[in-house]
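# Commentary on secondary and tertiary structure
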Amino acid sequence: MLQSCISAVRYARHNLNLNLPRNYSSAPSAPTVKQSLRKLLRETAQPVAVVTSTLLDHETAPRSDLSAQNQKIFHGATLSSFTSIALDPHPLVAFSLRVPSRMALALNAHAAKPQMQMTSHMVVNILSAAQPHIARLFSSPDLHPFPFEESEVQWTQSADGLPIIKGALGALSCTVVGRSLPLSDTRWLYSSMEEWEAEVQQVEGGSGLASELFIARVLRVEDVQEPEDQLENDKLRTLPLLYHKRSYTTVGKIPNP
């Protein structure tokens, strides 16, 4: 499935190149395009989600303690790039993660196991407007290395034993369809090294941050429980959490003219 997606991207890229002039000097520079795109995207609203999964903490478990080495360690990361990309023939979602990160390593490790391909090994928790604190908590692993031990985070487990955050707008049990695609090294988009090298010359001077793209198949839409002892903001729990102009917000009705 992943290979077919890559082939489709290459085909589209090839057809696009046939109709574009090869005069790169007339095109805007890469930094200019990035700045313009960043400015535009700040004016748009992006849904916020938290991906949860498991990883094995071999560093803290003694070698002799086999039970500790095999114990499930829950981990989570805030997503600001989550989107649905297909419903047929299979429901697919996509998101990116900065690398290196423990979540990216964990998901790629799960993808490398054939027996895990049709088993859910992550949950995408789509946050409600009442949960900006959850988004902040899972976006700061240096300040909150063990988020599931925080009192603010209430959660249950799915049938596959993965964390579902209570109060979320929705939760999707998913499996990645293959290893992540490196967005810092786009050679997989090009049919020849010459094309890729010409493009690299146009994008030098970037921020140095690297990300990888994950495509996942949705196996199940989970039932999400309400948080306990939190009666305020009931209305916000039915609205999506959005990231807009560097802050968290939600939707509102457009006034009638």
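Residues numbered from 1 in each chain as written. Predicted model: local features only at pLDDT ≥ 70, side-chain atom pairs only at ≥ 80, totals over all residues. Heavy atoms only, no water.

### So, the pattern of salt bridges
All told, the structure shown has five salt bridges when counted by the stated rule. Across the pair Asp160 and Arg220 runs a salt bridge, and its minimum N-O distance is 2.9 Å. With Asp160 in the loop between β7 (155-157) and β8 (163-165) and Arg220 in strand β11 (residues 210-222), this residue pair connects regions lying 60 residues apart in the sequence. For Asp160, a relative accessible area of 27% puts it in the partly exposed group. One salt bridge in this structure joins Arg220 and Glu222, with 2.8 Å as the shortest N-O distance. Under the relative-accessibility criterion, Arg220 is labelled partly exposed at 29%. (Salt bridge = Lys/Arg side-chain N within 4 Å of Asp/Glu carboxyl O. Helix = DSSP H or I, 4+ residues; strand = E, 2+ residues; numbered from the N terminus. Buried < 20%, exposed > 50% of the residue type's maximum accessible area, 1.4 Å probe, protein only.)

### Regarding the packing of aromatic side chains
Under the criterion given, the structure shown has six aromatic pairs. Relative to Phe148, the ring of Phe74 lies with its centre 6.0 Å away and its plane at 65°, an arrangement referred to as edge-to-face. A residue pair is termed long-range when its members are at least 10 positions apart, and Phe74 in strand β3 (residues 73-79) and Phe148 in the loop between α5 (132-138) and β7 qualify at 74 residues. Given a relative accessible area of 12%, Phe148 falls into the buried group. (Phe/Tyr/Trp six-rings, centres within 6.5 Å; stacked < 30°, edge-to-face > 60°.)

### A look at the environment of Ile215
Mapped onto the fold, Ile215 is located in strand β11. Considered as a pair, Ile215 and Val177 are 38 residues apart in the sequence and their alpha carbons are 6.1 Å apart.

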